[in-house]
Amino acid sequence: MSDDEPEKPKRNYHVSRKVQEQRKTYQQIRRKKEQLEKLETKKSKLAKTPKKKGVVKEKEDKKAPNSNVIFEPNVGPQYSFLAAPEKEVLYGGAAGGGKSYAMLMDLLRYASNGNHRALLLRRTLAELTELIDKSKQIYPRAFPSAKFKESTKTWVFPSGATALFSYVDQDDDVYRYQGMSFSWIGIDELGHYPTPFVWNYLRSRLRTTDPKIETYMRATANPGGIGGWWIKQMFVDPNPPHEPFWATDIDTGNTLVYGRGHAKEGVPLFARKFIPARLTDNPYLMQDGTYEAMLMSLPEVQRKRLLEGDWNVAEGAAFSEFSQKEHVVAPVDLPHNWIRIRGCDYGFSSPSCVLWGAVDWDGCIWIYRELYQTKQTAENLADLILTMESDDPTMYLSVLDKSCWNRTGVGKSIALTMIEKGLRWIPSNSDRMQGKQEVHKRLQLDKNFQPRLRIFNTCTNLIRTLPTLPLSKTNSEDVNTKAEDHAYDALRYMFMTQQSNRSFVPSYFRGADQQHQVQDSVFGY
């Protein structure tokens, strides 16, 4: 090297690790910037290039900032389901809403925690296959080292977390999981189970010793099916959609609470939520409308269930014309001079149902109150009725199941016991076929497209049972008497006193004649 040539700087082999990381970061930023500049140049050239008619260009391979996102929930119910903090959540309603896909993703809540144990169930092994196939498309992309063991149908994630895909066909099959514990349990198509036994038993398997993990139970379902009745009672009826509520006993309606002697005595056990699904929630199936057209072609009952997600319609329902929109209204103050009527179907082990109605000037009956309780003696029921209607106008007519006048043993009849407590009753007209026809007439719209029956939305048991009441399997002109027909019977007794082909409002209520008129010759009132 000549004397005129400048000396090259010596390489520094003692650069700190921090400086090396900074240099590496700057290099990555520079490369990223160069890639973006090349992409912008390519876009500008494509924009200037005129499109030739009839030529379809391939879509540009975009590398967006979210290109690493494997799954992004649809805005709306699917997002709400995955974000729900409640212990038990049902994602149910119309077909095609993305329910099963959301279930597969919810299972991954704690997949990065080695103590996470998930259980996903279907009714049969054949039904389970579709879920497994979908999971194989998703899970390896989210967790590249995740392995699926075919012999046990179990996913093992890099953290050590596991997800067992299995099935429960008969009720006794749940005992396969006795002694096992899971931090997440999900059942896809819960409506395939005729009773809540499987769901309730699996709740006993829901536990973890890791304080960082919250335990959850999740389910999807379509309206109807053999299990639709109990799912509706457990998740749909207690509260409006999307609003959490404390878990209740579906038989009594009472909130589940910690028992006596517990440190949390009287505190509710856990919360539930119902999230409705609709086909319109899934933009991928709504793009061309083909699947929507298929659902629209179904018979009325199936269409209401699978397209509209309607839980208030049943297969072979006796009163399919019932409509929440037309017949159910929010409570309003009723005019004091509308005549009041009362109908009662008595039961002790089965619920007693009392309905209060008011007849407006057009003959429409407004059901404004209900009493629905079990284990009430005749004396107790009479006291409850008198207390509840203490501020009401005088009852114009009160009708009670005529069987309550039957005497058993040497004691007084149920009807006489309540009459002596101050309640006036007349025996019901128990013509079942005619009574059913009266209910149909009330549900139909008149010439002004108005129904002749309005029900306050506080009458939850009438609203719950009337649209799902099935027809008799032996007599198509009657309802199935083994179904929950107590509210229907009380309504039928009431309607038979105010038949649609008779004058509804007595003349003295119109002001023409205020003389007392005997309505029943047996009792003189």
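Owing to the predicted nature of the structure, the values given are computational and were not obtained by experimental measurement.

1. Focus: the overall build of the protein
Broken down by element type, the protein carries 15 helices and 16 strands. The long-range share in the protein, meaning contacts at least 24 apart out of those at least 6 apart in sequence, stands at 68%. With the model as given, the accessible surface of the protein reaches about 29700 Å², and the carbon-plus-sulfur share is 50%.

2. Observations regarding the sheet that holds strand β9 (residues 271-277)
Whether parallel or antiparallel, the strands of a sheet pair through hydrogen bonds between backbone atoms. Within the open sheet, the 9 strands sit side by side as β3-β4-β5-β2-β6-β7-β1-β9-β8. Their pairing is mixed. Among the strands making up the open sheet, the edge pair consists of β3 (147-149) and β8 (245-246). Inspection of the sheet shows strand β1 (residues 88-93) paired to β9 by 6 bridges, in the parallel sense. If you follow Gly 93 over to β9, its bridge partner there is Ala 277. Along the sheet face, helix α4 (residues 125-142) touches β2 (117-122), β3, β4 (154-156) and β5 (162-167) and points at about 160° away from the line of β5. Helix α6 (residues 228-236) rests against β1, β7 (216-221), β8 and β9 of the sheet, and its axis sits at about 115° to β9.

3. Thoughts on the side chain of Glu 88
Its location among the elements puts Glu 88 in strand β1. One polar contact links Glu 88 to Trp 199, side chain to side chain, over a distance of 3.1 Å. Of note is the side chain of Glu 88, whose polar atom sits 2.6 Å from the side chain of Arg 203. Setting aside chain neighbours within four positions, we find Glu 88 in contact with Trp 199, Arg 203, Met 217, Arg 218, Phe 235, Phe 270, Ala 271, Arg 272 and Lys 273.

4. As for the side chain of Ser 100
Note on placement: Ser 100 falls in helix α3 (residues 99-106). The contact partners of Ser 100, leaving out residues within four places of it in the chain, are Leu 131, Lys 134 and Asp 188.

5. Brief notes about the nonpolar core
Residues Phe 319 and Ile 367 are the most contacted members of the largest nonpolar core, which totals 58 residues. Looking at this core element by element, the count peaks at 7 residues for helix α15 (residues 486-496). By size, the runner-up hydrophobic cluster in this structure holds 28 residues, among which are Phe 182, Tyr 193, Phe 235 and Phe 274.

6. Some words on the pairing of β5
In terms of burial, β5 is a largely internal element, 5 of the 6 residues being buried. Taken together, the 6 bridges between β2 and β5 define a ladder with parallel strand orientation. Bridging from a neighbouring strand, Arg 117 pairs with Thr 162 of β5. Two elements, β4 and β5, share 3 bridges in a ladder whose sense is antiparallel.

7. Topic: the pattern of salt bridges
This structure, assessed with the given rule, holds 20 salt bridges. With a shortest N-O distance of 3.2 Å, Arg 123 and Asp 169 are connected by a salt bridge. In this pair, Arg 123 is assigned in the loop between β2 and α4 and Asp 169 in the loop between β5 and β6 (184-187), connecting sequence segments 46 residues apart. A residue is classified by how much of its surface remains accessible, and Arg 123, at 17% relative accessible area, is buried. A residue is classified by how much of its surface remains accessible, and Asp 169, at 29% relative accessible area, is partly exposed. Beyond isolated ion pairs, a larger network of salt bridges with shared partners links Glu 88, Arg 203 and Arg 272.

8. Structural notes on the pairing of β2
Most of β2 sits inside the fold, with 5 of its 6 residues counted as buried. As judged from the 4 bridges shared by β2 and β6, these two strands associate in the parallel manner. By the bridge assignment for β6, Leu 119 is matched with Ile 185.

9. Points about α4
When the terminal C-alpha atoms of α4 are compared, their 25 Å separation across 18 residues agrees well with the 26 Å that a helix rising 1.5 Å per residue should span. Within α4, the axis deviates most sharply at Lys 136, by approximately 30°, and proline Pro 140 lies no more than four positions further along. Three or more residues of α4 are buried, namely Leu 128, Leu 131, Ile 132, Ser 135, Ile 138 and Tyr 139. Against the buried residues of α4 lie α3, β2, β3, β4 and β5.

10. A word on the confidence of the model for the protein
Of the residues in the protein, 76% reach a pLDDT of 70 or more, and the chain-wide mean stands at 81. Below pLDDT 50 for its whole length, residues 8-15 participates in 2 contacts with residues either more than four positions away or in separate chains. Contacts for the low-pLDDT stretch residues 49-66, under 50 throughout, to residues beyond four places or in other chains number 3 contacts.

About the thresholds
- Residues numbered from 1 in each chain as written.
- Predicted model: local features only at pLDDT ≥ 70, side-chain atom pairs only at ≥ 80, totals over all residues.
- Heavy atoms only, no water.
- Helix = DSSP H or I, 4+ residues; strand = E, 2+ residues; numbered from the N terminus.
- Contact = heavy atoms within 4.5 Å.
- Areas by Shrake-Rupley, 256 points an atom, 1.4 Å probe, with all protein chains shown as cover.
- Pairing = 2+ DSSP bridges.
- Axes fitted to C-alpha atoms, helices over the stretch in contact; angles between N-to-C directions.
- Polar contact = N/O pair within 3.5 Å; in protein donor to acceptor, adjacent residues only side chain to side chain.
- Core = buried A, V, L, I, M, F, W, Y, C linked by side-chain atoms within 4.5 Å.
- Buried < 20%, exposed > 50% of the residue type's maximum accessible area, 1.4 Å probe, protein only.
- Salt bridge = Lys/Arg side-chain N within 4 Å of Asp/Glu carboxyl O.
- Expected span 1.5 Å × (residues − 1).
- Bend = angle between axes of the 7 residues up to and from the residue.
- pLDDT = per-residue confidence, 0-100.

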